[in-house]
Every structure is written in C-alpha cells, then in structure tokens.
Amino acid sequence: MEGQLRLDRFLSDAGQLARSEAKKAIRQGRVRVNDISEKSPERKVSEKDVVSLDGRVLKMAPDFVYYLLNKPAGYLSATQDKSQQTVLDLVPHDKRRDLFPVGRLDKDTEGLLLITDDGGLAHRLLSPANHVDKTYYALVRGAMTREDVKAFQEGLDIGDEKPTLPAELKILSVKREGQAGEDTLSRVEITVREGRFHQVKRMVMAVGKEVIYLKRLSMGPLMLPDDLAEGEFRQLLREEILF
Ligand code: URA
C-alpha cells in the first residue's frame, strides 16, 4: 500500500537512529504501534499509525527531501566526481537518501537547482512533454536586438536535428562598457521550454553573440529567492513545490 514502510525504516528516519539501532530498539520491546508493543522490524506502518519509542510519539519523516540550491559557479551538476566538487557537496549528506540534482546547469552557470530524492517529481519537471519554463539572467557580449527577440520567438537553428521551440528574450539593457567603451554588453532574461545541452549559450551564439555570465532564476513553479546567497540552500516541503 502506498505510504507504507517498514517499522525499522520509519524509526530510523523519524527517530534519527541507525537502522541497526532501530531494529534493536524494536526487539527490546521499546516500540509501540497504536499503543501495542511491536517486536517485528518488518511490520509495515503508515502515517496513520501512532508509533512511539520509549513512550515518546514519533512523527513520520517526510518521504522525500527537496533542497533548493543557489548553485555557485565551479560546481558540477552531478552526484559524484573523482576530482571536482559537485553540487551534492553543498547540501547535507544523508546516506539513507539517494539525492541527485534535477537536470543540469553548466559548471560555470549559477542559480536555481533543485536537489532531491524524488524521482517522480524530477521526471515531471524534466519531461520534454511538460514544457516546463526555465528563466535565466544572462550577461552577453554584443548588442542584443529586436531582430534577436523575433528570432528567439520563432525558434532557432542551433545545430541540432530540430530548431528550438519558441523562446522568450527580454532585453534589460544594452550598454557600451570597458574603459574606452570598446565592449558592448547586454543584460537579458531568456525563457526556454526545453533543456537542451548548453541551450541558452548556443541560442545566443546562433544570433552572433556570446554569453559571459549565466544564472537560472526559475524553473516551473520554483523561483530563486532574492535572499538566498550563492552556495546556500533552502529545504522545501513537498506542498511548496506545487508540481
Ligand atoms: N543553458 C546553458 O547554456 N547552460 C546552462 O547551464 C543552462 C542552460
């Protein structure tokens, strides 16, 4: 039945015990389920059951964990790597959970990255059929133009089999910068509905300019909070994700 788990797993999750300690406590008769002593670690329980350890009622730990991370540059969106730091180095380790990042940001890209052990949610957020919007802030070398806005709207050939789906380009500013005004830099927001490899950088390249800084601001219903510093994360509840 959905939402059921073994009593020893429940106890180790909710009571922060190692699985072996949980089994021992159950066998020692220190655990009661609905006020009846229970000595079998295999006994299945759900959130409807009242489980107590040494007379203290335990609350079921949330089934999955969700960390909304403000990824700094320099970290790989991977679960492990032999020589480089990964985004999992930035969230608390919990050996009972198989945490992974939902999708990828390039090593030099910053911003919103969800880290979870909820494979179903990851699938829904990443599925091409769901067209989840992802909005990025980009600093671009070169002047982004109205023609570029139109080209993004129409979909761009970025060298893949198919052109991209329509994307939104919002130009925030275009300025001459550098000591002698030799560089033109554009600040833009770009919203894409796919998750192709290096998609934003390749779309900007397709209109003859170059992304020199990239940060993800949102993914579907999730927004990067203004007060979340680089390298910091916020733990979310399932209800906050609304997807
Ligand atoms: N597009 C890119 O080019 N890079 C990212 O990291 C994300 C989107």
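Up top is the structure these notes are about.
Conventions used here
Residues numbered from 1 in each chain as written. Predicted model: local features only at pLDDT ≥ 70, side-chain atom pairs only at ≥ 80, totals over all residues. Heavy atoms only, no water. Helix = DSSP H or I, 4+ residues; strand = E, 2+ residues; numbered from the N terminus. Rg over C-alpha atoms; globule rule 2.2 N^0.38 Å. Buried < 20%, exposed > 50% of the residue type's maximum accessible area, 1.4 Å probe, protein only. Lys, Arg positive; Asp, Glu negative; His and termini not counted. Charge placed at Lys NZ, Arg CZ, Asp CG, Glu CD. Pairing = 2+ DSSP bridges. Near = heavy atom within 4 Å. Polar contact = N/O pair within 3.5 Å; in protein donor to acceptor, adjacent residues only side chain to side chain. Areas by Shrake-Rupley, 256 points an atom, 1.4 Å probe, with all protein chains shown as cover.

A.B. asks: Help me understand the overall build of the protein in this model?
C.D. replies: Secondary structure summary: the protein contains 6 helices and 15 strands in total. Against the 2.2 N^0.38 benchmark of 18 Å for 243 residues, the protein shows a C-alpha radius of gyration of 24 Å, more extended than a compact globule. Each principal axis of the C-alpha atoms in the protein carries an extent, and together these give about 75 × 35 × 30 Å. Split into buried and exposed, the 243 residues of the protein put 44% on the buried side. Charge centroids of the protein, computed over 40 positive and 40 negative side chains, lie 4 Å from each other.

A.B. asks: Can you help me understand the sheet that holds strand β6 (residues 56–58) in this one?
C.D. replies: The strands that make up a sheet are held in pairs by hydrogen bonds between backbone atoms, and each pair lies either parallel or antiparallel. With antiparallel pairing, the 4 strands of this open sheet are ordered in space as β3-β2-β5-β6. With partners counted over all chains shown, the strands left at the sheet margins are β3 (36–37) and β6, one partner each. Pairing of strand β2 (residues 31–33) with strand β5 (residues 51–53), which is carried by 3 bridges, proceeds in the antiparallel orientation. Residue pairing in the sheet places V31 in a bridge with L53 of β5.

A.B. asks: Whenever I open this one, the site of the ligand confuses me. Can you help?
C.D. replies: L105, D106, T109, Y136, H198, Q199, V200, K201 and L214 make up every residue found near the ligand. Contact between the ligand and D106: a nitrogen atom at 2.7 Å from a side-chain N or O atom of the residue. Backbone polar atom of K201 to an oxygen atom of the ligand: 3.0 Å apart, as the coordinates give it. Expressed as a share of its isolated accessible area of 240 Å², the protein-covered part of the ligand is 95%. Broken down by element, the shell around the ligand gets its largest block of residues, 3 residues, from helix α5 (residues 199–206).

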